[in-house]
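Observations on the three-dimensional arrangement
This is what each chain is made of:
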Amino acid sequence: MNFGANWQGKTLADNLELRGVPRRDFLKMCGALAGVYAVGSPLAQMPEAAAQEIADKLGAVKKPNVAWLQLQECTGCMESTIRSGGATVEEMVLELLSVNYNDLVMAASGTAAEQALHDVNKEPHILVVNGSVPLKDDGIYCTIGGKSVEQVLKEAAENATVVLAVGACAVYGSVQAARPNPTGAVGVDEIIKDKPVINVSGCPPIGEVITASLTYILTHDGKAPEVDAEGRPLFAYDQRIHDSCPRRAHFDAGQFVRSFDDEGARNGWCLYEVGCKGPSTFSPCPIVQWNLKSGWPIGAGHPCIGCTEKDFFDKFTPFYKELPNVTGFGIEEPVEKVGLGLIGAAAVGTAIHGGMTLFKSIPVRDSSQDDKTLAAFGDAPVAEKKES
Ligand code: SF4
Ligand code: SF4
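Criteria and thresholds
- Residues numbered from 1 in each chain as written.
- Chains lettered and ligands numbered in written order.
- Predicted model: local features only at pLDDT ≥ 70, side-chain atom pairs only at ≥ 80, totals over all residues.
- Near = placed C-beta within 6 Å.
- Helix = DSSP H or I, 4+ residues; strand = E, 2+ residues; numbered from the N terminus.
- Nonpolar A, V, L, I, M, F, W, Y, C, P; charged D, E, K, R; others polar.
- UniProt positions renumbered as here; feature names shortened; annotations may be inferred.
- Contact = placed C-beta atoms within 7 Å.
- Buried ≥ 20, exposed ≤ 12 C-beta atoms within 10 Å, placed from the backbone.
- Pairing = 2+ DSSP bridges.
- Core = buried A, V, L, I, M, F, W, Y, C linked by C-beta atoms within 7 Å.
- Domains from an automatic or database assignment.

Of all residues adjacent to ligand 2, which total 14 residues, the nearest are Cys245, Cys270, Tyr272, Cys276 and Gly278. Looking at the shell around ligand 2, the elements that each hand over two or more residues are helix H12 (241-244) and helix H13 (248-252). Residue classes in the shell around ligand 2 are distributed as 10 nonpolar, 2 polar and 2 charged.

Looking now at the UniProt feature "binding site: [4Fe-4S] cluster 1" (unreviewed entry) in the chain. Under the UniProt annotation, "binding site: [4Fe-4S] cluster 1" (unreviewed entry) lies at Cys74, Cys77, Cys169 and Cys203. Their sequence span is 130 residues, while the largest C-alpha to C-alpha distance among them is just 10.0 Å; these annotated residues converge on one region. As for its position among the elements, Cys74 is in the loop between strand E1 (65-70) and helix H4 (76-82). On the secondary structure map, Cys203 appears in the loop between strand E9 (197-200) and helix H10 (207-219). Look past the residues within four positions of Cys203 in its chain and what remains in contact with it is Gly167, Ala168, Ser174 and Cys307.

The buried fraction of strand E7 (residues 160-166) is high, at 6 of 7 residues. Here 6 bridges tie strand E3 (residues 125-130) to E7, and the two strands are oriented parallel to one another. Across the sheet, the residue bridging to Val128 is Leu164, located in E7. Across 4 bridges, E7 lies against E9 in parallel orientation. Note that in E9 the partner of Leu164 across the bridge is Ile198.

Contacts to ligand 1 come from 13 residues, most closely from Glu73, Gly76, Gly167, Cys169 and Cys203. Going through the elements one at a time, H4, helix H8 (168-172) and helix H9 (174-177) are the ones with two or more residues in the shell around ligand 1. A breakdown of the residues in the shell around ligand 1 according to their chemical character gives 7 nonpolar, 5 polar and 1 charged.

With that out of the way, let us pick up unusual backbone geometry. Glycine aside, residues mostly have negative phi angles, and peptide bonds mostly take the trans form. Residue Pro180 follows Arg179 across a cis peptide bond; omega there is 10°. Structurally, Pro180 is set in the loop between H9 and strand E8 (185-186). The backbone of Asn181 shows a phi angle near 50°, a positive value even though the residue is not glycine.

According to UniProt, the "binding site: [4Fe-4S] cluster 2" (unreviewed entry) feature falls on His242, Cys245, Cys270 and Cys276. A maximum C-alpha distance of 11.3 Å places the annotated residues, which cover 35 residues in sequence, within one compact spot. With respect to the secondary-structure elements, His242 resides in helix H12. What makes His242 buried here is the crowd of 28 C-beta atoms within 10 Å. Ignoring any residue separated from it by four or fewer positions in sequence, one finds His242 in contact with Arg248, Gly278 and Pro279. For Cys270, the location among the structural elements is in the loop between helix H14 (263-267) and helix H15 (285-288).

This part takes up the nonpolar core. Grouped together as the largest cluster of nonpolar side chains are 90 residues, with contacts concentrated most on Val129, Leu153, Val163, Leu164 and Ala165. Of the domains in this structure, domain 1 (3-237) and domain 2 (241-354) are the two that each give at least three residues to this core. Excluding residues that lie within four positions of it along the chain, Leu164 makes contacts with Ile126, Val128, Val129, Ile198, Val200, Ser213 and Leu214.

This is the structure we're talking about:
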């Protein structure tokens, strides 16, 4: 893959033409990005206009240098980025960016790879990071080229204009940081404090959301997007799953799946009672969906596990159990009553941002279970109610 010379002095539009990438493919990708930006924008009503605007801005971008680190992680985030289900997004991501360093997609290895990172680190660049940073025992649990990834990250961040932490691992440590956190894993913003760190949350995040976060920076003169309290781009993460869920009418009507093979499951009823964390989770999954809008977990009959929320592995396990006494919408009623329709949909609609309050009221797994295997499959007792 040629990441170099062709870019010099040329815009993205020139470069795509040079490589024979059809304009309609580029517009198609911009349409997918417009779908993500539209989650929190009035442009939702005019996606074609938005796609054209993105294409114009993006087409004029010149040679953005990118270092893309993969630290303590599983490569799922990178797979999500480059294998989103259609050629458009994955090819464009690689065409869009001068990815000077990435373990997975670069041809170089060993000394040549280290040199490539050294070279990109010297120039201003966008830094994308997947994976957590293990701090325990001098960082021996993840090293690159003999250096701890903490050191690799600090060096790469020094000349970075903006840092994107992509995936739950990079955002706060995710499963590696789940109690008892044996490697002392932390997220990128625990290490990099002197510049903006944008948290593109999820395990993994949707490919289009990763791409949209990058292209936002490219089309806004390197500026970071507005973020929420968790550092997530508001354009994608300003709505709860629950507020756009197609099963929501069943929640409001008190129609719940109680086991995965019951009548409710066959009828597509609400998954709250089999563990859905959609009421506490901010993500555009129902709108953007996965693999070029071909599906998403709740659409396939699986409860949301809340993977875009901080500490979801500690807070939301057992995944297949309804956590006790989850209050509804940051206001008074327990969710069961909401499900029975004691609070109407109109009242619910006014409480969209009450979700943050709700999140804080979710009970967490009891710390006395810290040395036990996490009950991801619902086979352990549910913890006593405890405020986070
Ligand atoms: S966030 Fe999830 S998908 Fe991404 S690297 Fe971590 S474990 Fe893998
Ligand atoms: S609880 Fe889950 S399945 Fe039910 S409406 Fe909310 S997000 Fe959808």
